[in-house]
Amino acid sequence: MTYEKVTILSNQEISPTVFEMILQTPNFEMGKPGQFVMVYPNHGGMLLPRPISICRQTKNITMLVYKILGDGTRYMSTLKQGDSLLIMGPIGNSFEIKPHKKVALVGGGIGIPPMVFLYDTIKSQEVDVFLGFKDTHFLTTLFTDANLHIVTEDLTALKSLQNPSGNIYPKNGNVLDLLESQSQQYDEIYACGPNPMLKALCKYADKKNIPLQISLEERMACGLGACVCCVANTPQGYVKICCDGPVFYSDKVVL
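Owing to the predicted nature of the structure, the values given are computational and were not obtained by experimental measurement.

Some details on the environment of Pro194
Next, step 1: Looking at the secondary structure, you find Pro194 in the loop between strand S11 (188-192) and helix H4 (195-208).
Next, step 2: The exposure class of Pro194 is partly exposed, given its relative accessible area of 39%.
Next, step 3: Each C-alpha atom, one on Pro194 and one on Val231, is 15 Å from the other, the two residues being 37 residues apart in sequence.
Next, step 4: Non-local contacts of Pro194, meaning those with residues more than four positions away in its chain, are made with Gly108 and Glu217.

Concerning the pairing of strand S4 (residues 50-57)
Next, step 1: Sheet analysis places strand S3 (residues 36-40) next to S4, joined by four bridges and oriented antiparallel. Bridging across to S4, Met38 finds its partner in Pro51.
Next, step 2: Bridge count between S4 and strand S5 (residues 61-67): three bridges; the pairing is antiparallel. Paired with Arg56 across the strands is Met63, a residue of S5.
Next, step 3: Linkage of S4 to S5, two consecutive antiparallel strands, is achieved through a turn of three residues.

Section: the sheet that holds S5
Within a beta sheet, neighbouring strands are joined by backbone hydrogen bonds and run either parallel or antiparallel to one another.
Next, step 1: In spatial order, the strands read S1-S2-S5-S4-S3-S6; together these six strands close into a barrel with antiparallel pairing. On average, each strand axis in the sheet is tilted by 45° relative to the strand beside it, whichever way the strands run.
Next, step 2: Running over the sheet, helix H2 (residues 113-122) touches S4 and S5 and is turned about 30° from S4.

Some words on the domain arrangement of the chain
Next, step 1: Annotation of the chain at the domain level lists domain 1 (2-91), domain 2 (102-215) and domain 3 (216-255).
Next, step 2: Taken together, the contact between domain 2 and domain 3 spans 15 residues of the former and nine residues of the latter.
Next, step 3: Together, the buried faces of domain 2 and domain 3 total about 1,000 Å²; carbon and sulfur atoms form 59% of this surface.
Next, step 4: The largest per-residue losses of area from domain 2 upon contact with domain 3 belong to Gln213, Ile214 and Ser215, which jointly make up 47% of the total buried on that side.
Next, step 5: Applying the counting criterion to the domain 2 and domain 3 interface returns zero salt bridges.
Next, step 6: On inspection of domain 2 and its partner domain 3, the count reaches four residue pairs in polar contact (both at pLDDT 80 or more).
Next, step 7: Secondary structure elements with two or more residues in the side of domain 2 that touches domain 3: S11, H4 and strand S12 (212-215).
Next, step 8: Class assignment of the residues belonging to the side of domain 2 that touches domain 3 gives a composition of eight nonpolar, five polar and two charged.

Criteria and thresholds
- Residues numbered from 1 in each chain as written.
- Predicted model: local features only at pLDDT ≥ 70, side-chain atom pairs only at ≥ 80, totals over all residues.
- Heavy atoms only, no water.
- Helix = DSSP H or I, 4+ residues; strand = E, 2+ residues; numbered from the N terminus.
- Buried < 20%, exposed > 50% of the residue type's maximum accessible area, 1.4 Å probe, protein only.
- Contact = heavy atoms within 4.5 Å.
- Pairing = 2+ DSSP bridges.
- Axes fitted to C-alpha atoms, helices over the stretch in contact; angles between N-to-C directions.
- Domains from an automatic or database assignment.
- Buried area = accessible area lost by both parts, 1.4 Å probe.
- Salt bridge = Lys/Arg side-chain N within 4 Å of Asp/Glu carboxyl O.
- Polar contact = N/O pair within 3.5 Å; in protein donor to acceptor, adjacent residues only side chain to side chain.
- Nonpolar A, V, L, I, M, F, W, Y, C, P; charged D, E, K, R; others polar.

Take a look at the structure:
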């Protein structure tokens, strides 16, 4: 784990309330798909860091995608190129990647960024990607050459979606509807998104007898397991999402 002051290379809005921040991180430890960082807003009135999933990472660059949910992320959205931030990470466990014939990646809303990092890692396998949005889409162009299925509550929001390769299939509804419409049998499903989506996927995976790994989203204060504010229920009792997760097999947690 690294604690480092880093420089912002860019920080731009990619959809209403959603921002993409590129950081110069030459000394930062390389993360794995599913891990996150704690971002310190570097503002006198905000002492606690914000947990942000790693969306993409190379040796010198870390890409974070975050949604404005409160004062901290709203302040982050005002930062400019050349500004600095303190970040700590990578934190948590990661998705367990195994050789498979066919896998599905499922992302909902701000749970989509960690799916980008995972797709970058396993795209040599046969992968179907299912993304769900409330309205406007974002990050869809990063799933290069994927069989990309997109759903939204408002199909008109997808009119601007570019589909030059013919491998994007937009519909209205939710990701579970779209997943259930497929004739494919998947060897594994990886998912991140809001709890209602994950609950539905758990029932689907259990019915189909498909291993399902889920990354849980939760408010965090420290990211180190000390404050015990980000907990998940399991058959054996409560665990800390920041250090025992955020990735769990679906049969190991109770949503």
